[in-house]
Amino acid sequence: MYFESFADLLAMGKHGVYVWSAYGIGLAVLVLNVVLPIVARRRYLQDTARRLRREEAK
């Protein structure tokens, strides 16, 4: 792949909007596939710790 300039690379022969939005959406999906399980695990551990503290206080 050879482009005359960086602007040509971004334009991708008038298909740049489609190409770069597809890359962006793909990257967003990959990031969410990593981040959401981490957040869910953290929330689960916090809820479990809170529940255990509540049970020990009784």
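For the structure itself, consult the block above.
Residues numbered from 1 in each chain as written. Predicted model: local features only at pLDDT ≥ 70, side-chain atom pairs only at ≥ 80, totals over all residues. Heavy atoms only, no water.

## Section: the overall build of the protein chain
Right, on to step 1. Looking only at helices and strands, the protein chain has two helices and zero strands in total.
Right, on to step 2. In terms of C-alpha radius of gyration, the protein chain reaches 23 Å, well past the compact-globule figure of 10 Å for 58 residues.
Right, on to step 3. Sorting the 58 residues of the protein chain into buried and exposed places 7% on the buried side.
Right, on to step 4. In the protein chain, 9 side chains carry a positive charge and 5 a negative one; their mean positions are 13 Å apart. (Helix = DSSP H or I, 4+ residues; strand = E, 2+ residues; numbered from the N terminus. Rg over C-alpha atoms; globule rule 2.2 N^0.38 Å. Buried < 20%, exposed > 50% of the residue type's maximum accessible area, 1.4 Å probe, protein only. Lys, Arg positive; Asp, Glu negative; His and termini not counted. Charge placed at Lys NZ, Arg CZ, Asp CG, Glu CD.)

## Overview of unusual backbone geometry
Right, on to step 1. Even without glycine at this site, Met12 takes up a positive phi of about 50°.
Right, on to step 2. As for its position among the elements, Met12 is in the loop between helix H1 (6-11) and helix H2 (16-57).
Right, on to step 3. One non-glycine residue, Lys14, lies in the positive phi region at around 70°.
Right, on to step 4. Within the element layout of this structure, Lys14 appears in the loop between H1 and H2.
Right, on to step 5. For Lys14, a relative accessible area of 85% gives the class exposed.

## Side note on a nonpolar patch on the surface
Right, on to step 1. Together, Leu27, Val31, Val34, Val35, Ile38 and Val39 make up a nonpolar patch on the protein surface, roughly 480 Å² of accessible area in all.
Right, on to step 2. Position of Val34 relative to the elements: it lies in helix H2.
Right, on to step 3. For Val34, a relative accessible area of 52% puts it in the exposed group. (Patch = residues over 30% accessible without salt bridge, like charges linked within 9 Å, V, L, I, M, F, W, Y side chains within 5 Å. Areas by Shrake-Rupley, 256 points an atom, 1.4 Å probe, with all protein chains shown as cover. Salt bridge = Lys/Arg side-chain N within 4 Å of Asp/Glu carboxyl O.)

## So, the pattern of salt bridges
Right, on to step 1. One pass over the full model with this rule turns up two salt bridges.
Right, on to step 2. Salt-bridge contacts for Arg50 lead to Asp47; the nearest nitrogen and oxygen are separated by 2.9 Å. Separated by three residues within a single helix, Arg50 and Asp47 lie in helix H2, roughly one turn from each other.
Right, on to step 3. A relative accessible area of 42% places Arg50 in the partly exposed class.
Right, on to step 4. What makes Asp47 partly exposed here is its relative accessible area of 38%.

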